Amino acid sequence: MPPLTKVAAVVLSMGTRPDELRKALETLMAQEGVELDVVLVGNGWRPEGVLEGVRTVHLEENVGIPEGRNIGAREARGDILFFYDDDAFLPSTDVLVRLAEEFAGDDRVAVVQPRGADPTGLPTPRRWVPRLQTGGGGAGGDVVVFWEGVCAIRRSAFEEVGGWPGHFWYGHEGVDLAYRLLDSGWRLRYKPDVVVNHPATQPTRHAVYYRMNARNRVWVARRNLPHPVAELYVAVWSAITVARVRDREKLAVWFRGLREGLREDAGDRRPMTWGTVARLSRAGRPPIV
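These numbers were taken from a predicted model, which means no experiment stands behind them.

Further remarks concern unusual backbone geometry. For the peptide bond that leads from His227 to Pro228, omega is 5°, which places it in the cis range. Summarising the element assignment, Pro228 is placed in the loop between helix H6 (209-224) and helix H7 (229-244). Even without being a glycine, Trp169 presents a positive backbone phi close to 70°. By secondary structure assignment, the location of Trp169 is in the loop between helix H4 (155-160) and helix H5 (173-183). Its relative accessible area of 31% is what places Trp169 among the partly exposed residues. The backbone of His172 sits at a positive phi, close to 70°, despite the residue not being glycine. Tracing the backbone shows His172 in the loop between H4 and H5. Under the relative-accessibility criterion, His172 is labelled buried at 14%.

Here we come to the packing of H5 against H6. At their nearest, the axes of H5 and H6 sit 10 Å apart, and the two run at 15° to each other. In this view, H5 runs roughly parallel relative to H6, as classed from their interaxial angle. Note that H5 runs across H6; the crossing there is right-handed. Between H5 and H6, the residues in contact are Val175, Asp176, Tyr179 and Arg180 and Val220, Arg223 and Asn224, respectively. Its residues assigned to classes, the contact of H5 with H6 comprises three nonpolar, one polar and three charged.

Backbone-to-backbone hydrogen bonds join strands into a sheet, with any given pair of strands oriented parallel or antiparallel. Spatial ordering of the open sheet is given by E3-E2-E1-E4-E7-E5-E8-E6, a layout of eight strands whose pairing is mixed. Two strands bound the open sheet, and with one partner strand each, they are strand E3 (54-59) and strand E6 (141-143). The sheet shows a mean angle of 30° between the axes of neighbouring strands, direction not considered. In terms of strand pairing, E6 meets strand E8 (residues 187-197) through three bridges, oriented antiparallel. Bridge assignment links Asp142 to a residue of E8, and that residue is Arg189. Its contacts with the sheet place helix H2 (residues 65-75) against strand E1 (6-13), strand E2 (35-43), E3 and strand E4 (80-85), and it is angled at close to 145° to E1. Contacts from helix H3 (residues 95-104) reach E1, E2, E4, strand E5 (109-117), strand E7 (150-154) and E8 within the one sheet, and its direction differs from that of E8 by about 165°.

On to the UniProt feature "domain: Glycosyltransferase 2-like" (unreviewed entry) in the protein chain. What UniProt calls "domain: Glycosyltransferase 2-like" (unreviewed entry) maps, in this numbering, to residues 17-161. Between the first and last C-alpha atoms of residues 17-161 the distance is 32 Å; the span itself is 27% helix and 26% strand.

Tracing the backbone shows Trp164 in the loop between H4 and H5. With 98 residues separating them along the chain, Trp164 and Pro66 place their C-alpha atoms 5.4 Å apart.

The next point concerns the packing of aromatic side chains. On inspection of all chains with the given rule, the structure shows nine aromatic pairs. Between the aromatic rings of Trp254 and Phe255, the centroid separation amounts to 5.2 Å while the plane-to-plane angle is 85°, which identifies the pairing as edge-to-face. Here Trp254 falls in the buried class, since its relative accessible area comes to 2%. With a relative accessible area of 31%, Phe255 lands in the partly exposed category.

Before going further, it helps to examine helix H8 (residues 248-263). Under the 1.5 Å per step criterion, the end-to-end length of H8 is 23 Å for 16 residues, consistent within 8% with the ideal 22 Å. Taken as a whole, H8 has its buried residues at Leu251, Trp254, Gly257, Leu258, Glu260 and Gly261. Buried positions along H8 lie against H6 and H7. Of the residues flanking the start of H8, the one acting as N-cap is Asp247, its side-chain oxygen 2.9 Å from the backbone nitrogen of Glu249.

Where H6 meets H8, the closest approach of the two axes is 7 Å, and the angle between their N-to-C directions is 30°. In terms of axis orientation, H6 runs roughly parallel to H8. Handedness of the crossing formed by H6 with H8: right-handed. For the pair formed by H6 and H8, the contact residues are Tyr210, Arg211, Asn213, Ala214, Arg215, Val218, Trp219 and Arg222 on the first element and Lys250, Val253, Trp254, Gly257, Leu258, Glu260, Gly261, Leu262 and Arg263 on the second. Among the residues making up the contact of H6 with H8, the classes are represented as eight nonpolar, three polar and six charged.

Rules used in this analysis
- Residues numbered from 1 in each chain as written.
- Predicted model: local features only at pLDDT ≥ 70, side-chain atom pairs only at ≥ 80, totals over all residues.
- Heavy atoms only, no water.
- Helix = DSSP H or I, 4+ residues; strand = E, 2+ residues; numbered from the N terminus.
- Buried < 20%, exposed > 50% of the residue type's maximum accessible area, 1.4 Å probe, protein only.
- Axes fitted to C-alpha atoms, helices over the stretch in contact; angles between N-to-C directions.
- Parallel < 35°, antiparallel > 145°, perpendicular 65-115°, else oblique.
- Left-handed = near helix turned anticlockwise from the far one by under 90°.
- Contact = heavy atoms within 4.5 Å.
- Nonpolar A, V, L, I, M, F, W, Y, C, P; charged D, E, K, R; others polar.
- Pairing = 2+ DSSP bridges.
- UniProt positions renumbered as here; feature names shortened; annotations may be inferred.
- Phe/Tyr/Trp six-rings, centres within 6.5 Å; stacked < 30°, edge-to-face > 60°.
- Expected span 1.5 Å × (residues − 1).
- Polar contact = N/O pair within 3.5 Å; in protein donor to acceptor, adjacent residues only side chain to side chain.

Here's what the structure looks like:
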């Protein structure tokens, strides 16, 4: 087995999808070849009647996705953190051990993302594939972004850069974490031959989407990008949003979020080096889009 086989699995749930959650936990507990510690975080919900072997954390209030996952990461035991949506499931028993093997091959790998696939055959959402070319699920190898819904992260790298930005609540926490990891010299990997099933959903289904999308994009820029790249990043995304979103009410919510992002505390500012800007640009993802 690879050296890193202690996996700390963190499942965050509001308790609103009991059937999906049960399947998520059942297929997680069935994993072979790793030492597994599973922590279910009840985000504003008290977990009850869960599978044997699953430890639980009860949060009185919904603290949002990134902070809920941070809490779960502190509670769970393992060298590899596996963050896993409560409506996903693992279609085979070797998913975790195959992800762990990717860490064993290079001690600078911080993130390994499997390929997400809708179990009913619906098209894979574009945002799940960390490649510009998404055909066939995209090519494996080094990437500069990753999908937060299902991912494995080396604990030492996660803790080195401060974990998820808990105050983001929802949206763009993965971009923020990816930028900080890349700027610290870590590598991100995409492993499309390892498949995790997840319903193909759209982020716009969340009532807070437009507000959080705008606010958190500004915070990503304020926290991570050097001047004048930060200003260009916000300007480009504002122009794209105005061109794409034709609904005036939704645009009004988006602009309220934009103002929040500009006025409220974004957290610690640690602008990436120009070398990291160049690395992102060479990968076809300059930090302006």
